[in-house]
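In case you want the letters, here they are:
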Amino acid sequence: MTTSDDGVVAPSLVEGEWARVGWEVGRDVAAPVADEVDRDARVPREAIEAMRQRGLLSMLLPRDAGGGEAGVAEAAQVARVLAGHCASSALVFAMHSIEAYNLRRHGTSSPLRDLAREAAADGLLIANANSEVGVGGDVSRSIAAVDTTTTSWTLDKACLAISYAEASDLIFASARRDEDAAETDQVFVALRRGDCRLETQSGWDTLGLRGTCSQGYRLSGPVARGSVFPVPFATIANDGGGQVRQLLLSAVWVGLADAALARAHAFVQAAARKAVGTVPPGALRVAEIAERVQGARALLVAAAERFASLEAAGQLENLPFQMSLRTLKVATSSAAVEAATRALEVCGIVGFKRDSPFSMDRIVRDAHGGLVMVSNDRYLQDNARTLLVAKHL
Amino acid sequence: MDADATIRRVLEEHGRLSTPATALATDDDLYQRGLSSHASVNVMLALEEAFGVEFPDELLRKSTFQSIGSIRGALAGLGNAVPPA
Ligand SMILES: Cc1cc2nc3c(=O)[nH]c(=O)nc-3n(C[C@H](O)[C@H](O)[C@H](O)COP(=O)(O)OP(=O)(O)OC[C@H]3O[C@@H](n4cnc5c(N)ncnc54)[C@H](O)[C@@H]3O)c2cc1C
């Protein structure tokens, strides 16, 4: 068992090379500045740099482009172990990795293969601008369109949120194919942040996940023809991208649940050592939290395994699986909130204090971000609609 | 009513397309005509009702509902391309 300075105990899943690297980046680089990142609502640049140095930013990129071509399950482990130290760093890793996976799976044109090589060689950080003012978390529709009326194409989009936009090198965005295209006729484009204008439209002074710096922006810039993905955005979302998104973000919520459980566990163990022969009252509560967290962990691991087998069989587009991934997100994000609040009760006043090793402050606040980072109600509503035609739940 | 006409009627009533369903070519891409994931569920339900079939999960993919032709092909595969009289 490995314990770090911030009191987080390494979950038993820290096995395998990638997870170990993730854990070390979390413990040695992200954790020491996590409170500062949170207080100042700034991007965790130290962790991003370490992820770049240690190959985490390119772990999902294809091997022939110089990446690690790791499995999504391994990336989920990295997101999970990072989350206990600094949820914002874990989310940056997760959100970047979703786009790296999209580039690997669907960036099959030669300019996008070149971009993947560049991303691997230089450790480029990829942000995302799918959500839009007016359509919210429903990314299957766009209002903004690629302007193809002039020889050099452009995009101008009112983005609801672009996490770590200003620290990124590339921004992947969905948009209507052209001015005449229907809202559902979307393409996916890779923009170079340095060529774009980012006008801040809304701030990021939030309850939690403050280091993701997910401001709203008006994003405008040139769209190189070769930067348009060769398949429609709907294919990217249905055949890999959407699934990886649910898995990697859920991994962050599981990591927060792990951290809450670990703190409550450490608290009752310390109490037990001071009063050998009695079972501290909080221990029963910890047993209850463990029941909930184990459930969330098992769902994540099972979903990651199922993903790998469907990916290998070329059957990622699978309605029951997509529904089960939405359920995974709802279950893990609510498990994180529940574990965090119950762990706070276990730790009592030292959990409530911000400067104690058992502080639940960031964990409680960050966990609530999981509930709204695409609203659980929206996903349940999607499932309610889909189950009307799905034959197996 | 033949299968094509029934499919067009369902699309007209539930597809919320930007083009009238009667004006669509058999291979026109319905997603490019505005078929959203929400509307496609209603289209599936209405097709199941109109043709007295159930689409198995394997057919509940984007490509099945890409065009009038692909819907027709899927229904034919279910052994019931002609709606009950
Ligand atoms: C930390 C964080 C980082 C983010 N980073 C990015 C990013 O990098 N790029 C990006 O593009 N976007 C990003 N987003 C935006 C995110 O993808 C969602 O678009 C955003 O959270 C809004 O979600 P929403 O539309 O589901 O809910 P909201 O707009 O928050 O909806 C408000 C409430 O309405 C209800 N509601 C809304 N729709 C429905 C529905 N269909 N059914 C039932 N109830 C509903 C729910 O109760 C919901 O909580 C980020 C968000 C967060 C919180």
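In this report, we go over the structure that sits alongside the text.

Criteria and cut-off values
- Residues numbered from 1 in each chain as written.
- Chains lettered and ligands numbered in written order.
- Predicted model: local features only at pLDDT ≥ 70, side-chain atom pairs only at ≥ 80, totals over all residues.
- Heavy atoms only, no water.
- Phe/Tyr/Trp six-rings, centres within 6.5 Å; stacked < 30°, edge-to-face > 60°.
- Helix = DSSP H or I, 4+ residues; strand = E, 2+ residues; numbered from the N terminus.
- Buried < 20%, exposed > 50% of the residue type's maximum accessible area, 1.4 Å probe, protein only.
- Core = buried A, V, L, I, M, F, W, Y, C linked by side-chain atoms within 4.5 Å.
- Contact = heavy atoms within 4.5 Å.
- Near = heavy atom within 4 Å.
- Polar contact = N/O pair within 3.5 Å; in protein donor to acceptor, adjacent residues only side chain to side chain.
- Areas by Shrake-Rupley, 256 points an atom, 1.4 Å probe, with all protein chains shown as cover.
- Pairing = 2+ DSSP bridges.

1. A closer look at the packing of aromatic side chains
Turning to step 1, where the next piece is worked out: Summed over the entire model, instances satisfying the criterion amount to seven aromatic pairs over all chains.
Turning to step 2, where the next piece is worked out: For the ring pair Phe-188 of chain A and Phe-229 of chain A, a centre distance of 5.1 Å and an interplane angle of 50° mean the geometry is tilted. Residue Phe-188 of chain A is located in strand 5 (residues 186–192), and its partner Phe-229 of chain A is located in the loop between strand 7 (216–223) and helix 6 (233–274); the two are separated by 41 residues in the primary sequence.
Turning to step 3, where the next piece is worked out: A relative accessible area of 4% means that Phe-229 of chain A is categorised as buried.
Turning to step 4, where the next piece is worked out: Taking the centre distance of 5.3 Å and the plane angle of 75° together, the rings of Phe-55 of chain B and Phe-65 of chain B count as edge-to-face. Residue Phe-55 of chain B is located in the loop between helix 2 (37–51) and helix 3 (68–77), and its partner Phe-65 of chain B is located in the loop between helix 2 and helix 3; the two are separated by ten residues in the primary sequence. Note on accessibility: Phe-55 of chain B and Phe-65 of chain B belong to one class, buried.
Turning to step 5, where the next piece is worked out: By the ring-pair criterion, three or more aromatic residues cluster together here, those being Phe-172, Phe-188, Phe-229 and Phe-233 of chain A.

2. Details of the nonpolar core
Turning to step 1, where the next piece is worked out: Grouped together as the largest cluster of nonpolar side chains are 113 residues, with contacts concentrated most on Phe-93, Ile-162, Phe-172, Val-189, Leu-247 and Trp-253 of chain A.
Turning to step 2, where the next piece is worked out: Counting residues per element, this core draws most heavily on helix 6 of chain A, which supplies 17 residues.
Turning to step 3, where the next piece is worked out: The residues touching Val-189 of chain A, leaving out its near neighbours within four places in the chain, are Val-146, Leu-155, Ile-171, Phe-172, Ala-173, Val-223, Ser-227, Val-228 and Phe-229 of chain A.
Turning to step 4, where the next piece is worked out: By size, the runner-up hydrophobic cluster in this structure holds 28 residues, among which are Leu-35, Met-44, Ala-46 and Ala-50 of chain B.

3. Observations regarding the site of the ligand
Residues and elements named next belong to chain A.
Turning to step 1, where the next piece is worked out: Not every one of the 23 residues close to the ligand is listed here, only the nearest: Ser-131, Gly-137, Ser-163, Val-372 and Arg-378.
Turning to step 2, where the next piece is worked out: Measuring from an oxygen atom of the ligand, one finds a backbone N or O atom of Val-372 at 2.9 Å.
Turning to step 3, where the next piece is worked out: Within the contact set of the ligand, an oxygen atom lies 3.4 Å away from a backbone nitrogen or oxygen of Val-374.
Turning to step 4, where the next piece is worked out: In isolation the ligand exposes 950 Å². Once the protein is present, 70% of that is buried.
Turning to step 5, where the next piece is worked out: Only strand 1 (126–129) and helix 11 (376–386) provide two or more residues apiece to the shell around the ligand.
Turning to step 6, where the next piece is worked out: Counting residues per element, the shell around the ligand draws most heavily on helix 11, at three residues.

4. Observations concerning the pairing of strand 7 of chain A
Within a regular strand, the side chains alternate between the two sheet faces.
All names here are of chain A.
Turning to step 1, where the next piece is worked out: Here strand 7 lies mainly inside the structure; six of its eight residues are buried.
Turning to step 2, where the next piece is worked out: Pairing of strand 3 (residues 153–159) with strand 7, which is carried by seven bridges, proceeds in the antiparallel orientation. Bridge pairing links Asp-156 to Ser-220 in strand 7.

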